[in-house]
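Breakdown of the fold
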Amino acid sequence: MFLTDDFILKNSFAKELYHGYAKKQPIIDYHCHLDPKEIFEDQNFTNLTQAWLAGDHYKWRLMRANGVAESLITGDADDYEKFCAWAQTLEACIGNPLYVWTNLELKRIFGIDERLTLANAASIWEKANQQLQTKEFSPRGLIKKMAVEVICTTDDPIDSLTYHQKLAEESFAVYPTFRPDKAINLQNSEFPAYLKQLAAAASKEITSYQTLVEALAVRIFYFQQRGCLLADHSLSRLGEEAYDTAALEAIFQKRLTTGTLTNEEIRQFQTGLLIDLMRQYAKQGWTAQLHLMATRNNSQKLFQQLGPDSGGDAMGDDRLARGLSRSLAQLQAESLLPKTILYSLNPKDYPVLTALMGAFQEESKGKLQLGSAWWFNDTYSGMRHQLTTLAEGGILGNFVGMLTDSRSFLSYPRHEYFRRILCQVISEWVEDGQLPADEMYLGQIVADISYHNAKSYFDFPN
């Protein structure tokens, strides 16, 4: 009964939708954290720990919650010992999506149809490691094996994009995404040093807010010339009060001189710079992604020991609608509102975002999107909640679908997990009499959400 061909699919219509329309679609992974250098160099992974656990703070958090010593998570312990620690942790993780994902990855990628436990960890370690040494299981091999058509990485404005260019020369569809968090988060201690790096990359001295915007515009053009079609921002919330350029300039100069700012000043600067950048994205025809309501580095101990993205982040629980509405309205009034995907890490915001999107839809089908269930919501119930909220408050048929948001080349079965849930949800509406049992009609919607909508929305080259 575990991970059969029809798992999650509880009725015949769900099975028809998945096997007939969703399963065969290629994958467009329009938001991930893969390293383009690793894709270009295409070096095989040393072992399963390096392919699976290195950099995966989803797994790290669960291992810590299971009492595993940090040496077996991010420390200098032997890789096999780390793998065993993960196998033992997984046994207690019933109901967590990582329980399904881990075993689904073993089955789909390695052909290992065994549930990972501490008892069989040695056998699975050996079987997977043997395959990881073959070309089929290199980064490019895994991308091909999982029918991944497009990958969009997440890249800092100062990045040279050297490896994206090299991959483009080989007609390998890996596109950069412009992620200017370090320029926006002026409260961070490294901000002054980052300005120097950005100035060097843009060949432009940065001494004012206006020259900061100009330097970022230079880099936006640089990214655009190298195939970029998306930008991405991670913000806790947006400022609710009006601002002007003089205020932003004063905040910028205050940060460089005194180094201290109020929370209101920080939000005002972040919102103002975001709006200035969104104007640029609209002119380039890019899609803006706004990842909202994440609180970063909650554990100062963890942050000091390991730095960011180490498992110390959590959901924010702040006001969202007013500041976001003000920003979208300003851009719309200037006819410079780009295609935008709105994500919230707090699922209470899904109805708020869905309703707010409806006020700004214009010009193109699904211009504003409710992003897929993100991070802590990337679960069975979380995906269902996102899908039903979008369907009830917007147009599910225009949804651009799933992404991995992952640093691992083994994460692509997450798309299968999402597609199965999508098909099951639609089939339940059919069973309830809310939808016609029209396989071709609903099957096309499933295929569109799984693949076609993303293909056309982002306008990737053929």
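Located above this text is the structure these notes cover.
Read on for a plain summary of the structure. (Residues numbered from 1 in each chain as written. Predicted model: local features only at pLDDT ≥ 70, side-chain atom pairs only at ≥ 80, totals over all residues. Heavy atoms only, no water.)

A count of helices and strands for the protein chain gives 20 helices and 10 strands. The C-alpha radius of gyration of the protein chain comes to 22 Å, within 12% of the 23 Å expected for a compact globule of 462 residues. Counting over 462 residues, the protein chain shows a buried share of 56%. (Helix = DSSP H or I, 4+ residues; strand = E, 2+ residues; numbered from the N terminus. Rg over C-alpha atoms; globule rule 2.2 N^0.38 Å. Buried < 20%, exposed > 50% of the residue type's maximum accessible area, 1.4 Å probe, protein only.)

Our next topic: the pairing of strand E2 (residues 148-152). Counting buried positions along E2 gives 4 out of 5 residues, so the element sits mostly inside the fold. Across 3 bridges, the pairing between strand E1 (residues 27-29) and E2 is parallel. By the bridge assignment for E2, Ile27 is matched with Val148. The pairing of E2 with strand E3 (residues 174-175) spans 2 bridges and is parallel. Residue pairing across strands places Ile151 opposite Val174, the latter belonging to E3. (Pairing = 2+ DSSP bridges.)

What follows covers the packing of aromatic side chains. If you walk through the whole model with that rule in mind, you get 23 aromatic pairs. Arranged with centres 5.9 Å apart and planes meeting at 55 degrees, the rings of Phe2 and Tyr99 form a pair that is tilted. Of this pair, Phe2 sits in the segment before helix H1 (12-22) while Tyr99 is found in helix H6 (residues 97-110), placing the two residues 97 residues apart along the sequence. Accessibility expressed as a relative area gives 38% for Phe2, which makes it partly exposed. On the basis of relative accessible area, Tyr99 is assigned to the buried category, the value being 12%. Note on Tyr175 and Phe460: the rings are 5.6 Å apart at their centroids and 15 degrees apart in plane angle, and the pair reads as stacked. (Phe/Tyr/Trp six-rings, centres within 6.5 Å; stacked < 30°, edge-to-face > 60°.)

Quick look at the sheet that holds E2 now. With parallel pairing, 3 strands are arranged side by side in an open sheet as E1-E2-E3. Looking at which strands have only one partner, the edges of the open sheet turn out to be E1 and E3.

Before going further, it helps to examine the packing of helix H11 (residues 191-202) against helix H12 (residues 209-225). Contact geometry for H11 and H12: axes closest at 9 Å, N-to-C directions at 50 degrees. In terms of axis orientation, H11 runs oblique to H12. Seen along the crossing, H11 lies across H12 with a hand that is left-handed. On H12, the residues that touch Leu195, Leu198, Ala201 and Ala202 of H11 are Leu212, Ala215, Leu216, Val218 and Arg219. Taken together, the residues of the contact of H11 with H12 sort by class into 8 nonpolar, no polar and 1 charged. (Axes fitted to C-alpha atoms, helices over the stretch in contact; angles between N-to-C directions. Parallel < 35°, antiparallel > 145°, perpendicular 65-115°, else oblique. Left-handed = near helix turned anticlockwise from the far one by under 90°. Contact = heavy atoms within 4.5 Å. Nonpolar A, V, L, I, M, F, W, Y, C, P; charged D, E, K, R; others polar.)

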